[in-house]
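Working through the structure, step by step
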Amino acid sequence: MLKLVGLYLLLFIAVVGLQLLAVPPVILYIVTTGILVLILYVTLKPILFEKDYLKVLQFLKKSKNTSYQFLYLYFEKRYEEAEQLIPRVKPKKVQDFHRIAILTTKNKFKEAKELALSLKDSEDKFFYLCLIALELKDKKLLEQNRPKLKRALNKQYLSIYELYFNGKKKEALAAIDRRIARTKGFQLLMEEKKKNELL
């Protein structure tokens with residue numbers, strides 16, 4: 001927080017100072033853009049580049065974004081508190097996926113499946129349906145949605161979960177550990193969450 005305040009102060013001083021010095025507009029633009037990029041980096045660093053799991057969690061905890069607050073509680077396994085935030089999450093699409101996540105933590109996979117099927121087609125919908133299909137041992141649902149996955153990351157996750165559900169727990173955990181070793185930011189929380197689900 002102090003870093004951000006300092007950077008905003010630097011931006012203000014730089015703009016005022018350069019204007020008083022009557023520097024060419026192109027110099028003012030370059031300096032201003034450079035400081036704004038630095039502010040953006042500092043703001044997004046925890047969610048994109050941080051390697052410390054706890055620091056990413058703290059970023060979510062301090063955020064005023066309701067979806068981030070939900071995710072903090074979700075990763076902390078405070079599911080009832082997280083569920084109470086869902087009506088305040090925007091947009092509606094994100095709200096629905098948060099609701100599916102909570103239903104799966106309660107082992108309400110049939111309800112989660114019904115909600116997922118009611119949503120507009122998207123990569124997230126197909127991925128959730130694949131995971132739900134594994135839990136329900138619904139081969140038809142799995143085969144209907146697996147070919148619709150386009151993101152390499154989701155395909156990798158699905159293959160890891162399939163290893164687990166096929167009784168290859170050690171191989172699944174080893175695959176997750178390899179991913180954790182090279183993952184940063186918010187994705188690191190996702191990897192840790194998936195590992196805990198497989199333990």
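Scroll up for the structure.
Residues numbered from 1 in each chain as written. Predicted model: local features only at pLDDT ≥ 70, side-chain atom pairs only at ≥ 80, totals over all residues. Heavy atoms only, no water.

Focus: the pattern of salt bridges
Counted only if it meets this: We define a salt bridge as a contact between a side-chain nitrogen of Lys or Arg and a carboxyl oxygen of Asp or Glu at a distance within 4 Å. Residue burial is assigned from relative accessible area. The probe radius is 1.4 Å, only protein chains are included, and a residue is buried under 20% of its type maximum, exposed over 50%, and partly exposed in between. Put simply, DSSP H or I for four residues or longer makes a helix, DSSP E for two residues or longer makes a strand, and each gets a number counted from the N terminus.
The final tally for this structure, using the stated rule, is 11 salt bridges. Between Arg 146 and Glu 143 there is a salt bridge, with the nearest N and O atoms lying 2.9 Å from each other. The exposure class assigned to Arg 146 is partly exposed, which follows from its relative accessible area of 27%. According to the relative accessible area criterion, Glu 143 is partly exposed, its value standing at 45%. We note a salt bridge from Glu 191 to Arg 179, for which the minimum N-O separation is 2.7 Å. Of the two residues, Glu 191 sits in helix H12 (residues 185-198) while Arg 179 sits in helix H11 (residues 169-181), which places them 12 residues apart along the sequence. Taken together, the shared-partner salt bridges connect Lys 92, Asp 96 and Arg 99 into one network.

Re the packing of aromatic side chains
What counts, and what does not: Stacked, tilted and edge-to-face are the three classes applied to pairs of Phe, Tyr and Trp rings, where Trp contributes its six-membered ring and a pair requires centres within 6.5 Å; stacked means planes under 30 degrees apart, edge-to-face means over 60, and tilted covers the rest. When the NZ atom of lysine or the CZ atom of arginine is within 6 Å of a ring's centre and also within 35 degrees of its normal, the charge is said to sit over that ring.
One pass over the full model with this rule turns up seven aromatic pairs. An angle of 15° between the planes, with centres 5.8 Å apart, marks the rings of Phe 97 and Tyr 128 as stacked. In this pair, Phe 97 is assigned in helix H6 (residues 92-105) and Tyr 128 in helix H8 (residues 123-136), connecting sequence segments 31 residues apart. Among the residues examined, Phe 97 registers a relative accessible area of 10% and is labelled buried. Classification of Tyr 128 by relative accessible area gives partly exposed; the value is 21%. Both rings, one in Phe 127 and one in Tyr 157, keep their centres 6.3 Å apart while their planes meet at 45°; by these two values the pair is tilted. With Phe 127 in helix H8 and Tyr 157 in helix H10 (residues 152-165), the pair connects residues that are 30 residues apart, well separated along the chain. Each member of the pair, Phe 127 together with Tyr 157, is buried. Sitting above the plane of the Tyr 74 ring, Lys 193 keeps its charged end 4.4 Å from the centroid.

A look at the side chain of Glu 50
Formally: Two N or O atoms count as a polar contact when they lie within 3.5 Å, although within protein this holds only if one can serve as hydrogen donor and the other as acceptor, and sequence-adjacent residues are included solely when both atoms are side-chain atoms. Working rule for contacts: check all heavy atoms of both residues, and any pair within 4.5 Å makes them a contact.
For Glu 50, the position within the fold is in the loop between helix H2 (25-48) and helix H3 (53-62). A distance of 3.1 Å separates the side chain of Glu 50 from the backbone nitrogen of Asp 52, its partner in a polar contact. Not counting chain neighbours up to four residues away, the residues in contact with Glu 50 comprise Lys 45, Lys 55, Val 56, Lys 184, Gly 185 and Leu 188.

Brief notes about the packing of helix H4 (residues 66-75) against H6
For the record, the criterion: To get an axis, a line is fitted to the C-alpha atoms, and for a helix only the part in contact is used. The angle between two axes follows their N-to-C directions and goes from 0 to 180 degrees. Convention used here: angles under 35 degrees read as roughly parallel, angles over 145 as roughly antiparallel, angles from 65 to 115 as roughly perpendicular, and any remaining angle as oblique. Residues are grouped as follows: Ala, Val, Leu, Ile, Met, Phe, Trp, Tyr, Cys and Pro are nonpolar; Asp, Glu, Lys and Arg are charged; every other residue, Gly included, is polar.
The contact between H4 and H6 brings their axes to 12 Å, and the two run at 10°. In terms of their interaxial angle, H4 and H6 are classed as roughly parallel. The residues of H6 that touch H4, namely those facing Ser 67, Phe 70, Leu 71 and Tyr 74, are Val 94, His 98, Ala 101, Ile 102 and Thr 105. Within the contact of H4 with H6, the residues separate by chemical class into six nonpolar, three polar and no charged.

Side note on unusual backbone geometry
In most cases, non-glycine residues show a negative phi, while peptide bonds are predominantly trans. That bond from Lys 90 to Pro 91 is cis: its omega, -5°, falls within 30 degrees of zero. Relative to the helices and strands, Pro 91 is located in the loop between helix H5 (79-85) and H6. Positive phi, normally seen in glycine, also occurs at Lys 77, with a value near 65°. Exposure remark for Lys 77: the relative accessible area of 51% places this residue in the exposed category. Even without glycine at this site, Lys 137 takes up a positive phi of about 55°.

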